[in-house]
Amino acid sequence: MNQTDLKVSSVLSETTLNFAKEIGKHEISAVAGVEFQTTKIIGTALAGVNVPDAAILNYNLFSPADITVTERKETRSRESVFGRVNYAYDDKYLASVSLRRDGDSRFGTNNQFAVFPAVSLGWNMHKESFLADNETLSKLKLRFSTGSLGTASFLGSYNSLSLLNSTTATAFGTGYNIPSDVANPDLTWQTNTETNYGVDFGFVNNRFTIGVDYYTSDIEDILINQSVSEVLGTNAIKLNSGDVRSSGVEFEFSAGIIQKEDFSWNVNGNLSTVSTEITDLGGLDELPRQAVGQSGRDVVFRNYVGGQIGEMWALETAGQVEMKYLEDGTRNPNNTTGEYYVVDQQSPGEAGYGEIDKTRTVEEGGDLVKAGQNTPDFYWGLNTSLNYKDFDMSLQFQGAQGGEVFNVDPYYYGSQWGGRLVDNFKDADGRAVHNGMFVRGAKDNIDANIQDASYLALRNITIGYTLKQDVVEKIGLSSVRVYGAATNLLYIMADDYTSYNPEGIETTGDYNGPTTSGFQIGASPVVRSFTLGLNLNF
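I will try to describe carefully the structure that is included in this document. (Residues numbered from 1 in each chain as written. Predicted model: local features only at pLDDT ≥ 70, side-chain atom pairs only at ≥ 80, totals over all residues. Heavy atoms only, no water.)

**Some details on the overall build of the protein**
Rules: Numbering of helices and strands runs from the N terminus; a helix is a DSSP stretch of H or I covering at least four residues, while a strand is a stretch of E covering at least two. Think of it in three bands: with a 1.4 Å probe and only protein chains considered, a residue is buried below 20% of the maximum accessible area for its type, exposed above 50%, and partly exposed in between. Note on contacts: a residue pair is in contact if any heavy atoms of the two residues lie within 4.5 Å. Using the Shrake-Rupley algorithm and a 1.4 Å probe, accessible areas are obtained, with residue cover drawn only from the displayed protein chains.
The number of helices and strands found in the protein is 2 helices and 30 strands. Expressed along its principal axes, the backbone C-alpha trace of the protein runs to roughly 85 × 60 × 55 Å. Here the protein, with 538 residues, has 37% of them falling under the buried criterion. Taking contacts inside the protein between residues at least 6 apart in sequence as the whole, the part at least 24 apart equals 66%. Here the protein displays about 29,500 Å² of accessible surface, and carbon together with sulfur accounts for 53% of that area.

**Focus: the sheet that holds strand β21 (residues 368-373)**
Note the cut-off: At least two bridges found by DSSP between two strands are what make those strands a pair. Note on definitions: angles span 0 to 180 degrees between N-to-C directions of axes, and those axes are lines fitted to C-alpha atoms, for helices only across the stretch in contact.
Read from one edge to the other, the open sheet built from 4 strands follows the order β16-β17-β18-β21, with strand pairing classed as antiparallel. The open sheet has two edge strands with one neighbour each: β16 (290-294) and β21. Shown here is a sheet whose adjacent strand axes are inclined to one another by a mean of 40°, direction ignored. As defined by bridge partners, strand β18 (residues 311-315) adjoins β21 across 5 bridges and the pair is classed as antiparallel. Each residue of the ladder has a partner; that of Ala314, found in β21, is Val369.

**Focus: the packing of aromatic side chains**
Defined as follows: Paired rings are identified among Phe, Tyr and Trp, the last through its six-membered ring, by centres lying within 6.5 Å, and are further divided according to the angle between planes into stacked (under 30 degrees), edge-to-face (over 60) and tilted (the rest). Over a ring means this: the NZ of a Lys or the CZ of an Arg is within 6 Å of the ring centre and within 35 degrees of the ring normal.
Taken as a whole and assessed by the stated rule, the structure comprises 10 aromatic pairs. On the basis of an interplanar angle of 10° and a centroid distance of 6.1 Å, the ring pair of Tyr89 and Tyr93 is categorised as stacked. Given a relative accessible area of 29%, Tyr89 falls into the partly exposed group. Ring geometry for Tyr455 and Tyr491: centres 5.5 Å apart, planes at 5°, overall stacked. Taken together, the residues Tyr455 in strand β27 (residues 455-466) and Tyr491 in strand β28 (residues 479-493) connect sequence positions 36 residues apart. The residues Tyr455 and Tyr491 share a single accessibility class, namely buried. Through a chain of ring-to-ring contacts, three or more aromatic side chains come together here, namely Phe107, Phe116 and Trp189. Across from the ring centre of Tyr412, 5.4 Å away, lies the NZ or CZ of Arg297, which sits over that ring. The ring of Trp313 is capped by Arg302, whose NZ or CZ atom sits 4.4 Å from the centre of that ring.

**Here we look at the layout of surface pockets**
Which entries qualify depends on this criterion: Only protein atoms enter the 1 Å grid, on which a cavity is a set of points fitting a 1.4 Å probe that cannot get out and a pocket is an open set with protein on both sides within 12 Å along at least 5 of 7 lines, lining residues being those with an atom within 4 Å of a point. Grid points are joined across faces, edges and corners, and a volume is the space filled by probe spheres set on the points.
When its volume is computed, the second largest pocket comes out at roughly 370 Å³. In this structure, the second largest pocket is lined by 18 residues; those nearest its centre are Ser246, Thr276, Ile309, Thr375 and Tyr379. At the level of secondary structure, the elements contributing two or more residues to the lining of the second largest pocket comprise β10 (208-220), β13 (243-259) and β14 (263-273). Counting residues per element, the lining of the second largest pocket draws most heavily on β13, at 3 residues.

**A word on a nonpolar patch on the surface**
The condition is simple: Like charges within 9 Å and nonpolar side chains (Val, Leu, Ile, Met, Phe, Trp, Tyr) within 5 Å are joined into patches, using only residues over 30% in relative accessible area that form no salt bridge. What makes a salt bridge here is a side-chain nitrogen of Lys or Arg within 4 Å of a carboxyl oxygen of Asp or Glu, nothing more.
On the surface, a cluster of nonpolar side chains totalling about 430 Å² of accessible area is made up of Phe19, Ile23, Ile28, Val85 and Tyr87. Secondary-structure elements contributing two or more residues to the nonpolar patch are β1 (2-23) and β3 (67-89). Secondary-structure assignment places Ile23 in strand β1.

**Quick notes on the pattern of salt bridges**
The tally for this structure, following the rule as stated, stands at 20 salt bridges. Ionic pairing is found between Arg72 and Glu74, a salt bridge with its closest N-O pair at 2.7 Å. The exposure class assigned to Arg72 is partly exposed, which follows from its relative accessible area of 35%. By relative accessible area, Glu74 is classed as buried at 14%. One salt bridge connects Glu74 with Arg76, and the closest N-O pair in it is separated by 3.9 Å. Taken together, the shared-partner salt bridges in this structure form one network comprising Glu286, Arg289, Arg302 and Glu364.

**Section: the environment of Glu339**
Locating Glu339 in the fold gives a position in strand β20 (residues 339-342). In this structure, the C-alpha to C-alpha distance between Glu339 and Leu271, residues 68 residues apart in sequence, is 40 Å.

**Quick look at the sheet that holds strand β29 (residues 519-520)**
Pairing is mixed in the open sheet, where 3 strands are placed in the order β26-β24-β29. Either end of the sheet is taken by a strand with one partner, and the two such strands are β26 (450-452) and β29.

**A short note on the environment of Tyr197**
Within the secondary structure, Tyr197 sits in strand β9 (residues 190-203). Residue classification places Tyr197 among the partly exposed residues on the basis of a relative accessible area of 45%. When near neighbours in sequence (up to four residues on either side) are disregarded, Tyr197 contacts Arg143, Phe144, Val212, Asp213 and Tyr214.

**Remarks on the nonpolar core**
Keep this limit in mind: Definition of nonpolar core: a set of buried residues of the types Ala, Val, Leu, Ile, Met, Phe, Trp, Tyr and Cys, connected through side-chain atoms within 4.5 Å.
Ranked by size, the top nonpolar core spans 21 residues in total, and within it Val299, Phe406 and Tyr411 carry the most contacts. Taken together, the elements giving at least two residues each to this core come down to β17 (297-302), β18 and β20. Examining the composition of this core, we find that 4 residues originate from one element, β18, more than from any other. Apart from the residues lying within four places of it in its own chain, the contact partners of Val299 are Gln290, Ala291, Val292, Met312, Trp313, Ala314, Phe406, Asn445, Ile446 and Ile450. If you look at the next biggest cluster of nonpolar residues, it comprises 10 residues, including Ile219, Leu281, Leu287 and Ile309.

**Details of the environment of Val433**
Relative to the helices and strands, Val433 resides in the loop between α1 (409-413) and β25 (438-441). Distance in space between the C-alpha atoms of Val433 and Tyr497 is 31 Å, their sequence separation being 64 residues. Discounting residues that sit within four places of it in the chain, Val433 has contacts with Asn424, Phe425, Lys426 and Asp427.

**Regarding empty space enclosed by the protein**
Heads up, the rule is: Charged residues are taken to be Asp, Glu, Lys and Arg, nonpolar residues to be Ala, Val, Leu, Ile, Met, Phe, Trp, Tyr, Cys and Pro, and polar residues to be all remaining types, Gly included.
Within this structure, the stated rule accounts for 2 cavities of 30 Å³ or more. As for the largest cavity, its lining consists of 13 residues, and the residues nearest its centre are Ser227, Leu287, Pro288, Gln290 and Thr515. Looking at the lining of the largest cavity, its residues break down into 4 nonpolar, 8 polar and 1 charged. The calculated volume of the second largest cavity comes to roughly 40 Å³. In terms of lining, the second largest cavity is formed by Ile222, Ile224, Ser241, Val244, Ile278, Leu281, Leu287, Asn303, Ile309 and Thr515. Split into classes, the residues belonging to the lining of the second largest cavity amount to 7 nonpolar, 3 polar and no charged.

Here is the structure:
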């Protein structure tokens, strides 16, 4: 039995100085400022064991020896100084330069502060004389920007320090202290430097617009929770390890499809592709591989130079063993055999042929193959709004395509425990007698439940009616609108996805940040909500 009480308070102070001036066709503006933020976290956690049989209303019925009390008191501080200068000439040539210096108490004493610059340029070509009289092309703008930002990602308040945590009493009646982290005075900011090349088009007085961008995003000193030998007192430490590059193309469009006095229809949307590659791992070729899952039902997460971040590797399956080979189908109704046919990746004559090795990849002479990765190939969104007289309706669609999750749920609701096949189904080498294929269970790092996490969602639909102005004025108001809204009214998942929320990624347990992202167990179903509302303005 557990109970946690947590209080988080934050104080933010920001002071800015602004400047703006026009000199003929020149426009100059600037801002400079400082920012201070302090966050305090105070909490108490109670854990009780040997729960009494009586109805439990509080911890008073527990024996004092069965209650563990843990207190939490943390302080985080951040200091920033920043500045930005904008320049425009005749609204044709645009430039912006910014610089900020941030410091955060969560980093090591050697690297708490870092500087992040940014610059952007723009050219409104449609304002040049050679395009000024173009009746079709109402906008043509070229854009370039590059800049850096820092993040503390998932760091706790004191991950750069080696703090001692007390344990419960041992068999000898005493406890002992173990470190929660290894001290790292060089722990520093994870820096994301993004460079963007873009062009914007507008047609028919910008009734129709299109934007196209190519971007690269370089994450340096990426923060990870790296697995280490428990001889250090902890199974993982927080550190900066390596660089990751992402790149892709972004498309945006908007259209005023119908523009009438009593009826209008507007549409806008976007689509972004993304491809990731690990370019450096702090001198390593590969991070330690990590098996992630539940109760031994795992897949192997790999992170290596040249690969994508958080790749899932597993044994390739060729289907589940048929139910007719189940020894006793009445013992657990509606279950499955819990066993799968797996593919021997080596050919006759090659080292490793004739056995299944789940500890090495095919290139290393084993049988692990890349089976998935959580980052989608592309994201997209589509919004549309319609207005007819005093009625309005808006719809917001959103989706992702191409990502995968390792979904452990089917192993449980399908009772895939293994060890239930008829006698003599397998030979001494672990092959099925009737077809000669190797057979393995859920605890053998198989790819059976690495599933497509693509989805399409109607995130929101809203329908409203605004009362006529003359009616509203009679009751002493400036406007009245009634509306109804629903979220996730439509949610379409991939055909082979078998749980309730492809977006529900586990972030506890074996989760070590993006290097192990994609494991899923017991994800909360997608929430569907309905709202009725009334807006009154006086």
